[in-house]
Amino acid sequence: MDAPLTPTRPLLATALAPVLPQLFGSAFNIWYNFSVVIPLLATDALRQRFFTACIAYNAIAYPLTILAWLLAVGALRPVLRRLLAGEKVAASALLAARRRAINLPWWGALLAGSGWLVCIPVFLVALAAVPGPLPPMLLWHLPISFLVSGFIAITHTFFVTELTTHRVLFPILFARERADQTPGALSLSLRGRGLLWAVSAGICPIGSLLLLSFAPPAPGTNPEWFAIFVGTVGIAFGLCTALMIARLVAEPIDHLRAAAQAVAQGRLDVEVPMHRADEFGLLAAEFNHMIGELRGKEQLRQTFGLHVGRRASEQILARDPGLSGVEQIITVMFVDIRSFTRRSEVCPPAEMVRLLNEFLKVMVEIVETQHGGMINKFLGDGFIALFGIGPDSDRHATDALRAGAEMLRGLAGLNERLAGTCGEPLAIGIGIHTGPAIVGSIGSPDRLEFTAIGSTVNLASRIEGLTKTVGTPLLLTAATKRAVREEIALREYPPQTVRGVDEPVAVYGLG
C-alpha cells in the first residue's frame, strides 16, 4: 500500500535548500579570514575579540536566521497538507500560500544577506572597541571577506531555493493554475535573472580582485597566488551559477520546443508544465491555451466534416466563409433511389435507415475517395455530388462519368449483400450535366450552406428525372460528353424535352 502523501518531504527539501550555499560562503569566509584577516590582527586582544565576536555573532545570528526561515517555510504546511489530502482550502489561505512559495527565494536571499552584511559593522565595531588603533589594511580586507562570501551565499541561496520550490512546491500549489497570475507575488524576471547571474558569476570574482588590487597586501601572503586563488574560486562559483541558470532557463525552453515540435507533427495532446511564476509561466500558459484552441478547432473541423463532408469542409475552410461565391465550370451529378416512397411504406423505419446508410456508405466512398467528387448534400433518398471544385478541376466531367459507372457496379454488389432486405433490389437514376455555376456559401449571417446554384444544377436534376423516361440508369448531357477527356463508350439517345429549356436536350448513356 502506498504511504499517504504528506508535506514533510517538500517542506524539508525547501528548508534545506539554502544550507549548501551558506556552507560555500562560510568556507570562503573562513579561508579568507585565516589567510588574510587574522594575520592582520597584530595583538592578542584583537585576535581574542575577533574570535569572541565570531562565536557570539554566530550563536545569535544563526539561530535567529534559521528560525525565521523555518517559520517562513513551515507556514505552508497546513495548506500543503490539505491539498495533498484532497481537502478544500479557503481561497484566501491558498492565495497566501502560493504567494509565499513564489516569494521564498527572496526571503532566503534577504535572510542570507542580512546575516552576512551585518557582520561588517558588527565586527568592525567589536574590534574598534579594543584599545589601540586598528590596522588600516584590516578596514579593507575584513569587509572584502564578508562581501564576497555574502554575495556567494545570497545569489546561490536565491537560485537553489527557486529551483527547489519549482520542483517540490509548485506542482502541489499550482496543480492546474497559473503561477504567473498570483497577485502580490514577486517573481524574478529573465532580465533580473541575468543581472543576478552577472553579480554571482562576474561581479563577485572581478570585484574581489579589484578590491584586492587596491587593498594593501596582507603580510605573509603572495598577492599573485592569492589573486589566482580568489579568481579560481570566483570562476567555480560562476560556473555553478551558470549551471543553475541553465536549468532554470533551458528546461522550460526544452518543454516548449518539444511541445512545438509535437504540434507541428499534428499531435495536439501535449501540454507544457506551467509551474513557473516568471515569463516562462506566462509563455507556457499561453502555449497551452493555444493548443486548447487548436484542439477545439480540430474537433469542430472533424465534426463539421462529418456533417457536410470532408471535401466540402476543406473547401469551406479554404475559401472566405462569408456570404460569397465564385462562378466555376463544374459537373453536377444528381442521384435518386427509385421507388423510395413505396419501399418506405413496407419496410420498417429501422431497416430503411440501415439500408439507406449502407447505400450512402458505398456511394460516398466511390464519389469522394475514388473519384475526387464532393457530396454536397443528401436529399433523403439521394444526393447531389459536385465535381471540379478543387485544384484538379480539368477532369471533372471524366471523374463524374467514371464515378457514375462505378456507382452502378457498386449498387449491384450492394444488392447481392442485402438480398431480401426491404423487398426488391435497389435501383437508382443518375443525371450528369456540365456547365457554369455559382459555388460558395449562401444563407444568412447566422447560418450558411456551402452549395452550387444556377441553371447547371437545375438541368442536372432534370436529366436525372429523364432516366425513368429513357429507361436507363445514367444519363449525361452533350456538354458533359464534350468535356470528357477520355475515350468512354457512350450511347446516344433521342433528344429529350426538358421543362424550363426551350430546345430538346441531347442526352447520352453508357454504351
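Residues numbered from 1 in each chain as written. Predicted model: local features only at pLDDT ≥ 70, side-chain atom pairs only at ≥ 80, totals over all residues. Heavy atoms only, no water.

1. Remarks on the overall build of the protein
Inference 1: Within the protein one finds 17 helices and eight strands.
Inference 2: The buried share of the protein, reckoned over its 511 residues, is 45%.
Inference 3: Long-range pairs, those at least 24 residues apart, make up 76% of the contacts in the protein between residues at least 6 apart in sequence. (Helix = DSSP H or I, 4+ residues; strand = E, 2+ residues; numbered from the N terminus. Buried < 20%, exposed > 50% of the residue type's maximum accessible area, 1.4 Å probe, protein only. Contact = heavy atoms within 4.5 Å.)

2. Let's talk about a nonpolar patch on the surface
Inference 1: A surface patch of nonpolar side chains, about 550 Å² in accessible area, is lined by Leu 12, Leu 16, Val 19, Leu 20, Leu 23 and Phe 24.
Inference 2: When residues of the nonpolar patch are traced back to their parent elements, those giving at least two are α1 (8-16) and α2 (19-40).
Inference 3: Counting residues per element, the nonpolar patch draws most heavily on α2, at four residues.
Inference 4: For Phe 24, a relative accessible area of 34% gives the class partly exposed. (Patch = residues over 30% accessible without salt bridge, like charges linked within 9 Å, V, L, I, M, F, W, Y side chains within 5 Å. Areas by Shrake-Rupley, 256 points an atom, 1.4 Å probe, with all protein chains shown as cover. Salt bridge = Lys/Arg side-chain N within 4 Å of Asp/Glu carboxyl O.)

3. Observations concerning the pattern of salt bridges
Inference 1: Under the counting rule described, the total for this entry stands at nine salt bridges.
Inference 2: Among the salt bridges present, the one from Glu 406 reaches Arg 409, with a minimum N-O distance of 2.7 Å. Of this pair, Glu 406 and Arg 409 both sit in helix α15 (residues 396-417), separated by three residues, roughly a single helical turn.
Inference 3: Note on Glu 406: relative accessible area 24%, which makes it partly exposed.
Inference 4: In this structure, a network of salt bridges that share partners links the residues Arg 395, Asp 399, Arg 402 and Glu 486.

4. Considerations on the state of the cysteines
By definition, a disulfide is the covalent link that joins the sulfur atoms of two cysteine residues.
Inference 1: Following the criterion strictly, the structure yields zero disulfides and no others.
Inference 2: The thiol of Cys 54 is not disulfide-bonded; the next cysteine sulfur, from Cys 119, is found 8.2 Å away. (Disulfide = S-S within 2.5 Å.)

5. What to know about the packing of α2 against helix α7 (residues 136-168)
Pairs of packed helices are described in terms of their axes, by the angle between the two and the distance that separates them.
Inference 1: Direction vectors running N to C along α2 and α7 enclose 175°, while the axes themselves pass 8 Å from each other. Accordingly, the angle class assigned to the pair α2 and α7 is roughly antiparallel.
Inference 2: Residue composition of the contact of α2 with α7, by class: 16 nonpolar, nine polar and no charged. (Axes fitted to C-alpha atoms, helices over the stretch in contact; angles between N-to-C directions. Parallel < 35°, antiparallel > 145°, perpendicular 65-115°, else oblique. Nonpolar A, V, L, I, M, F, W, Y, C, P; charged D, E, K, R; others polar.)

6. Quick look at the side chain of Asn 376
Inference 1: Along the chain, Asn 376 falls in strand β2 (residues 374-378).
Inference 2: A polar contact is formed between the side chain of Asn 376 and the side chain of Thr 451, at a distance of 3.0 Å.
Inference 3: Once residues within four sequence positions are removed from consideration, Asn 376 is found in contact with Ile 384, Ala 385, Leu 386, Phe 450, Thr 451 and Ala 452. (Polar contact = N/O pair within 3.5 Å; in protein donor to acceptor, adjacent residues only side chain to side chain.)

7. Looking at the environment of Val 501
Inference 1: Mapped onto the elements, Val 501 comes out in the loop between β7 (490-496) and β8 (505-510).
Inference 2: With a relative accessible area of 33%, Val 501 lands in the partly exposed category.
Inference 3: Separated by 42 residues in the primary sequence, Val 501 and Leu 459 place their C-alpha atoms 8.5 Å from one another.

8. Section: the packing of α1 against α7
Inference 1: One way to put it is that α1 packs onto α7 with a least axis distance of 9 Å and a crossing angle of 170°. As judged from the angle between their axes, α1 and α7 are roughly antiparallel. For the pair α1 and α7, the contacting residues are Pro 10, Ala 13 and Thr 14 in the first and Thr 164, Thr 165 and Val 168 in the second.
Inference 2: Classifying every residue of the contact of α1 with α7 by side-chain character gives three nonpolar, three polar and no charged.

9. Remarks on the packing of aromatic side chains
Inference 1: For the coordinates displayed, the defined rule picks out ten aromatic pairs.
Inference 2: With 6.1 Å between their ring centres and 75° between their planes, Trp 31 and Tyr 32 make a pair best called edge-to-face.
Inference 3: Taken together, the aromatic side chains of Phe 50, Phe 51, Tyr 57, Phe 123 and Phe 146 make up a single cluster linked through ring pairs.
Inference 4: Taking the ring centre of Tyr 508 as reference, the NZ or CZ of Lys 481 above it sits at 5.5 Å. (Phe/Tyr/Trp six-rings, centres within 6.5 Å; stacked < 30°, edge-to-face > 60°. Lys NZ or Arg CZ within 6 Å of the ring centre and 35° of its normal.)

10. Quick look at the nonpolar core
Inference 1: If you look at the biggest cluster of nonpolar residues, it comprises 37 residues, and the most contacted ones within it are Met 333, Val 335, Phe 359, Phe 383, Met 407 and Ile 430.
Inference 2: Elements with a contribution of two residues or more to this core: β1 (324-337), α14 (349-370), β3 (382-387), α15, β4 (428-444), β6 (474-477) and α17 (478-483).
Inference 3: Residue contacts for Met 333: discarding those within four places in its chain leaves Phe 383, Ile 384, Ala 385, Phe 387, Ala 400, Ala 403, Gly 404, Met 407, Ile 430, Gly 431 and Ile 432.
Inference 4: Core analysis: the second largest hydrophobic core is formed by 27 residues, Phe 28, Trp 116, Val 130 and Val 148 among them. (Core = buried A, V, L, I, M, F, W, Y, C linked by side-chain atoms within 4.5 Å.)

11. A look at the pairing of β8
Inference 1: In this sheet, β8 lies alongside β6 in antiparallel orientation, the contact comprising two bridges. Each bridged residue has a counterpart across the sheet, and for Thr 477 the counterpart in β8 is Val 507.
Inference 2: Summarising the sheet, β7 and β8 pair through five bridges and their orientation is antiparallel. Bridged to Leu 490 within β8 is Leu 510. (Pairing = 2+ DSSP bridges.)

12. So, the confidence of the model for the protein
Inference 1: The share of residues in the protein with pLDDT of 70 or more is 82%, and the mean pLDDT across the chain is 82.
Inference 2: Within the protein, helix α12 (residues 310-318) has the poorest average pLDDT of any element, 58, and β6 the best, 96. (pLDDT = per-residue confidence, 0-100.)

13. Focus on the pairing of β3
Inference 1: The buried fraction of β3 is high, at six of six residues.
Inference 2: The side-chain alternation of β3 yields two buried faces, one formed by Gly 382, Ile 384 and Leu 386 and the other by Phe 383, Ala 385 and Phe 387.
Inference 3: For β2 and β3, the ladder comprises four bridges, and the chain directions are antiparallel. Within β3, the position partnered with Lys 377 by the bridge is Ile 384.
Inference 4: Connecting β2 to the antiparallel partner β3 that follows it, the hairpin turn spans three residues, and Gly 380 within it adopts a positive phi of roughly 80°.

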